[in-house]
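Below are the chains, spelled out letter by letter.
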Amino acid sequence: MFVIPRLADFRNRFPDVAIEMEVSGRHVDLIEEGIDVAIRIGRLADSALVARRIGDMRMITLASAGYVAQHGTPQTLDELRTHQRISYVYQGDIIGWGFQVDSRQVTVDGGGAFRTNDAEHVRGAVLAGLGIAHHASWLFTDVLATGEVVRILDQHAPPLFPINAVTVAGRRMPSRVRQFVDFLAAICAEEPELRIGDG
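This section reports on the structure supplied with the text. These figures come from a predicted structure and were not determined experimentally.

Calculation criteria
- Residues numbered from 1 in each chain as written.
- Predicted model: local features only at pLDDT ≥ 70, side-chain atom pairs only at ≥ 80, totals over all residues.
- Heavy atoms only, no water.
- Helix = DSSP H or I, 4+ residues; strand = E, 2+ residues; numbered from the N terminus.
- Buried < 20%, exposed > 50% of the residue type's maximum accessible area, 1.4 Å probe, protein only.
- Contact = heavy atoms within 4.5 Å.
- Areas by Shrake-Rupley, 256 points an atom, 1.4 Å probe, with all protein chains shown as cover.
- Lys, Arg positive; Asp, Glu negative; His and termini not counted.
- Charge placed at Lys NZ, Arg CZ, Asp CG, Glu CD.
- Pairing = 2+ DSSP bridges.
- Axes fitted to C-alpha atoms, helices over the stretch in contact; angles between N-to-C directions.
- Expected span 1.5 Å × (residues − 1).
- Salt bridge = Lys/Arg side-chain N within 4 Å of Asp/Glu carboxyl O.

Okay, the overall build of the protein chain next. Along the backbone of the protein chain there are seven helices and eleven strands. Per-residue burial for the protein chain yields a buried fraction of 39% across its 199 residues. Taking the intrachain contacts of the protein chain between residues at least 6 apart in sequence as the baseline, contacts between residues at least 24 apart amount to 74%. When the accessible surface of the protein chain is split by element, carbon and sulfur atoms take 50% of a total near 11400 Å². Taken as two groups, the 20 positive and 25 negative side-chain charges of the protein chain have centres that lie 4 Å from each other.

Pasting the structure below:
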């Protein structure tokens, strides 16, 4: 949604750089697989990598205006548990929904009416009125702006998740890699739902 529409500009500036993108839920080994840059969301554990924080991901809870009109808006996490929920599955596991309540982390079971391992399917299910989802805000920017989708339980929004561009440590970073990381950072800085925030 954000990188590919801008790739023509990057290619015009650096016509000799070939770009191959792989989208995967697995944890790739940059050295073994010969990958120059990976984008990782969340806390980083691998010290063999150099990370540059390029943005933040905001998790929000939301539903279609139609779903809320028919089923009401949950005001508490206990009420949320009684609603139909759209779940995201990662590596075979349903991801719990993280919230912040009085400065402590609370997880709500992600189980519910519809489950998928694809973000676009989460979006489609929300728009179809299948239930409430807890997902990255950037996936819904357009429909939040139109009011087709509404945010729920913002008072319990979890902390931001850092978005990092990671490269291999201990080797001189090629110019093409540095330029591409700068390109990714500029994209995040331009997008309100991706830029580095305060949370």
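The rest of the description comes next.
What follows is about the sheet that holds strand β2 (residues 49-57). Reading across the sheet, the three strands line up as β1-β11-β2 and stay open at both edges, with antiparallel pairing between neighbours. Two strands lie at the open edges of the sheet, namely β1 (38-41) and β2, each paired on one side alone. The average angle at which neighbouring strand axes cross in this sheet is 30°, direction not considered. Seen against the sheet, helix α7 (residues 175-190) touches β1, β2 and β11 (161-168) and runs at an angle of roughly 20° to β2.

On to α7, then. Along an α-helix, residues three or four apart share an orientation, since each turn contains 3.6 residues. Across its 16 residues, α7 extends 23 Å between first and last C-alpha, which sits within 8% of the 22 Å expected from 1.5 Å per residue. By the burial criterion, the buried members of α7 are V177, F180, V181, F183, L184, A185, I187 and C188. Buried residues belonging to α7 abut α1 (7-13), β1, β2 and β11.

This next bit is on the environment of M1. Position of M1 among the secondary structure elements: in the segment before α1. Judged by its relative accessible area of 56%, M1 falls in the exposed class. Taking the C-alpha atoms as reference points, M1 and L139, 138 residues apart in sequence, are found 8.5 Å from one another. Ignoring sequence-local partners within four residues, the contact set of M1 consists of E120, W138 and L139.

Should the charged atoms of two oppositely charged side chains come close, the side chains can pair. The final tally for this structure, using the stated rule, is eight salt bridges. One salt bridge connects D78 with R81, and the closest N-O pair in it is separated by 3.0 Å. Residue class for D78 comes out exposed when judged on its relative accessible area of 55%. Residue classification places R81 among the partly exposed residues on the basis of a relative accessible area of 38%. D142 serves as the salt-bridge partner of R123, at 3.0 Å between the closest nitrogen and oxygen. One end of the pair, R123, is in helix α5 (residues 119-127); the other, D142, is in helix α6 (residues 141-146), and 19 residues separate them in sequence. Residue classification places R123 among the buried residues on the basis of a relative accessible area of 15%. In the salt-bridge network here, residues are joined through shared partners; they are R6, E190 and E191.

For the rest of this paragraph, the subject is the side chain of T167. Within the secondary structure, T167 sits in strand β11. Not counting residues within four places of it along the chain, the set of residues in contact with T167 comprises L30, D36, V37, A48, L49, V50, M173, V177 and V181.

Moving on: unusual backbone geometry. Negative phi is the rule for most residues except glycine; trans is the rule for most peptide bonds. The backbone of Q91 sits at a positive phi, close to 50°, despite the residue not being glycine. Position of Q91 among the secondary structure elements: in the loop between β4 (85-90) and β5 (93-94). Of the residues examined, Q91 reaches a relative accessible area of 57% and is grouped as exposed. Despite not being glycine, D102 has its phi angle at roughly 50°, a positive value. Relative to the helices and strands, D102 is located in the loop between β6 (97-101) and β7 (104-108).

By themselves, these are just geometric observations and shouldn't be taken as functional.
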